[in-house]
Structure formats: C-alpha cells, structure tokens
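The chain contents come next:
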Amino acid sequence: MAVAILYPGQMGAGLARSISSCSPSITLFTSLSGRSESSRVRAAQAGLQDVPMEELIAKSSVVISVLPPSLAVKLAVEIKEIYDSMKGTVERKEPPIYVDANAVSPSTTSRIAKLLASSSIPFVDGSIIGGPPRDGYDPRLYISAEPKYEGAMTEIVELLGGGGKHRNGKGLDFHILKDGGVGAASALKASLSHRTRCQRLLESDRIAIQQQMSYAGITKGSTGLMATMILSATAHSPQTAQAFLEELAYSQADVLKRSLWMVDGMIPKAYRWVGEMEEIADYIFNPTGAAPESVEAPSRTEDTSRTRSAGDIADTYRGIARMFQRIADDVERKASHVDGDAGDAEIVKAWAEKGRKMMAKPPTAPIAFTGNEPTGAPQ
C-alpha cells in the first residue's frame, strides 16, 4: 500500500510522519522535481521517497494534495493528465483516491472535483484545521465527498487515521462530514472563527463546511489588516507608527500580543497566503461553491445589489492578498541579496520587535500628544 503527499512543506512532511507512526508498512511517495534542497531534506526526514510523478500515480492508492492554494488546480490537471495517459494499462488499472487538503474556496474545490470526475478519479475534499503535526499534537482533518465516494472516505480513515475515534493518538485525526458533499470541508476552514466551534457546527454539515474559509478569513485576514496598518502608519511618519504601537499596548494589549505573534509567523509564509486570500474572496462572492463551466475564477456578471455587495466585501480580501504579495516580494528580494531601502517585510518585522520590547513593560497611562504631531496622527 502506498500514499503520495504533494508536497512536503512543513504540513505535508508532518502528515507523512503521522501516517508512518500509525501504519509503518505504508510506503510514502512524493515527487520533488524542481523543488528546493530544503524540501528534499524535509521529505527524507519524513520518510517520503522521491519518485517521478508517473511512478507516483501508478503505485499510489491515495494522493494527498497539500500546497499553496494558487497551485491546487494546476496539480489536479497534472494528475488527471498522467492518469489518463496510463488508464487501463498494467501500470494503473484503478484510479487513486485524490484528497485536496488545500485552503481553497468551495467553488475552486468544485472545479477540481469536476475536472477529476471526467477521468473517474475519486475526489475527497479536505480541510486541515490547525498547525503542522508534531509530537503529541495532530491537526484535525475534516473530509467530505459526494455520496458515491463516501466509501473512499471510510477507507482513508481506516488506512491513515487508525480508524478515527480508535486512533489512540496515532495517525491523522480525521472527521468525516457525512452528507456534506464536495465543498463542505473547504468551506469549513474558510469560515471557522475558532477551532473549538467545529463540534457544534457539525450539527449542520453544510453550515460546518462553510466554516473552513472563515477560520483563515479571521486569523490570517486580521493578520493582513494589522500588517497593512503597520505599513500605512509607517508610510505616514515614524511618529504615527510609534503612537499606533503605544496606543495598542495601552488600550488593546491582548490584540497587540496576538498580533505580534501572528505577524512574525506571517512573513516567511506570505507567499502562500496570497492565494489563500484570493480563495477567500472567491468564497465570499460564491459561498455555495457553484462551479462555472470553465476553471476560471467566477466573474461578477449579475448586476444585482447582492453581487455588488458581495463583490465589494470580497475585494477586501483581494487587497489583503496584494499586501501579502508585497511582503513575499520583499522576502524574495532579500533572499536574492538585492540591495535597496527597507522593504515591507523589514518594516513589519522592526515594528513587531519594538512591540515585544514594549510589551515587556507596557504603558500605564494614555499617550500624551504634544500638539505638534503631523497631520493624521492618532487622536
């Protein structure tokens, strides 16, 4: 029995280690063509064997997709094309079960499901709630599928999760959204405002599904808003940026404390969050996940108050996506040793460092302004 994980980032490698702890007899594959040396080291440490994509498709019973959201459709197309080229041959008689565990919107999930259905590849929608697995901790992995593939979900749970509630702390922590259908798990991650709400929301699978996008919308979206305000305040003047920090420390200490932690973690991951914010925008505009005929993103063709309102709200997350792209571009520039003025990532990081020092001794009184602050300073 073999399982493929594409690709071995921190999450993918962690999933591989959890699978191995539960079922050491399972062979774990990945394909690292064009990947970085750090990916190769991480894959080897997680017990993943690097093989050509064709061999991976031919030998794997389950393929789990865990990669930046912007690449989710592209990978599904590649898997379909490779499977179609060997369908019915000795190398591949039955299709692998495809699990999309990416932070994509219900409509993107529906497009991928429709794409794979044309090749009769069983599709399971997955939603990972939590961080990468580590000793003593596993994130929850919610899954949903069309009724005809619910048997495939049960097979996955038994194979990779130690039988669900009987897993005894080993294997992936699966939760099946029965009768949820395609898009249920994806919507769960988008909408969930706090992980512990999952159990209550499971009373209505379709509502629970829509919580996936909200989880990232709240946690990563608020991080994006904070970074945007840091950059805007700094662009106005150093005094504004400092006053912004001091006022948060005085009147919103809990918000600042969490924001400092989230902002620090965001900087190296900003490139991944670009696509995730775009998927959340798609989810807001098209919450049911109704798939268009093409794999292009849905467009606002209906001139109604609902679509205009939803489109305007969705644009908030498209703006956050562009801000994350600026951070990602700055990180890439520094990694390439390109000289220049302090970039967005450096500005946010420096502001956060000041914040940590300030939180060690937070203000005990409101900020006293001199009356000579530049126009636009907080009042």
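Model, not experiment: these values are computed from the prediction.

A.B. asks: Before we move on, can you summarise the side chain of S105 with the specific residues and values?
C.D. replies: Tracing the backbone shows S105 in the loop between β5 (97–100) and α5 (106–117). Reaching out from S105, the side chain makes a polar contact with the side chain of S107 at a distance of 3.1 Å.

A.B. asks: Describe the packing of aromatic side chains, with residues and values.
C.D. replies: The relation between two aromatic rings is expressed through the spacing of the ring centres and the mutual angle of the planes. Enumeration over the complete set of coordinates arrives at 3 aromatic pairs. Their ring planes at 20 degrees and their centres at 6.4 Å tell us that Y98 and F123 sit as a pair that is stacked. Taken as a pair, Y98 in strand β5 and F123 in strand β6 (residues 123–129) lie far apart in primary sequence, 25 residues in all. For F123, a relative accessible area of 2% translates into the label buried.

A.B. asks: Give a detailed account of the sheet that holds β5, specifying residues and quantitative values.
C.D. replies: Strands sit in the order β3-β2-β1-β4-β5-β6-β7-β8 across an open sheet of 8 strands; the sheet is mixed. Each of the sheet's edge strands pairs with one partner strand only, and the pair in question is β3 (49–50) and β8 (173–176). Pairing of strand β7 (residues 140–144) with β8 involves 4 bridges; the strand directions are parallel. Looking across to β8, one finds that R140 is bridged to D173. Sitting on the sheet, α5 touches β5 and β6, and the angle it makes with β6 is about 150 degrees.

A.B. asks: Which residues make up the packing of helix α12 (residues 253–266) against helix α15 (residues 344–359), and what are the values?
C.D. replies: Interhelical geometry of α12 versus α15 gives an angle of 140 degrees and a closest axis separation of 10 Å. Looking at the two axes, α12 sits oblique to α15. Considering the relative orientation of α12 and α15, their crossing is left-handed. Note on element contacts: α15 touches α12 through V348, W351, A352, G355, R356 and M359, opposite A253, L256, K257, L260, V263 and D264. Across the contact of α12 with α15, the residue classes break down as 8 nonpolar, 1 polar and 3 charged.

Each value, and the rule that gives it
Residues numbered from 1 in each chain as written. Predicted model: local features only at pLDDT ≥ 70, side-chain atom pairs only at ≥ 80, totals over all residues. Heavy atoms only, no water. Helix = DSSP H or I, 4+ residues; strand = E, 2+ residues; numbered from the N terminus. Polar contact = N/O pair within 3.5 Å; in protein donor to acceptor, adjacent residues only side chain to side chain. Phe/Tyr/Trp six-rings, centres within 6.5 Å; stacked < 30°, edge-to-face > 60°. Buried < 20%, exposed > 50% of the residue type's maximum accessible area, 1.4 Å probe, protein only. Pairing = 2+ DSSP bridges. Contact = heavy atoms within 4.5 Å. Axes fitted to C-alpha atoms, helices over the stretch in contact; angles between N-to-C directions. Parallel < 35°, antiparallel > 145°, perpendicular 65-115°, else oblique. Left-handed = near helix turned anticlockwise from the far one by under 90°. Nonpolar A, V, L, I, M, F, W, Y, C, P; charged D, E, K, R; others polar.

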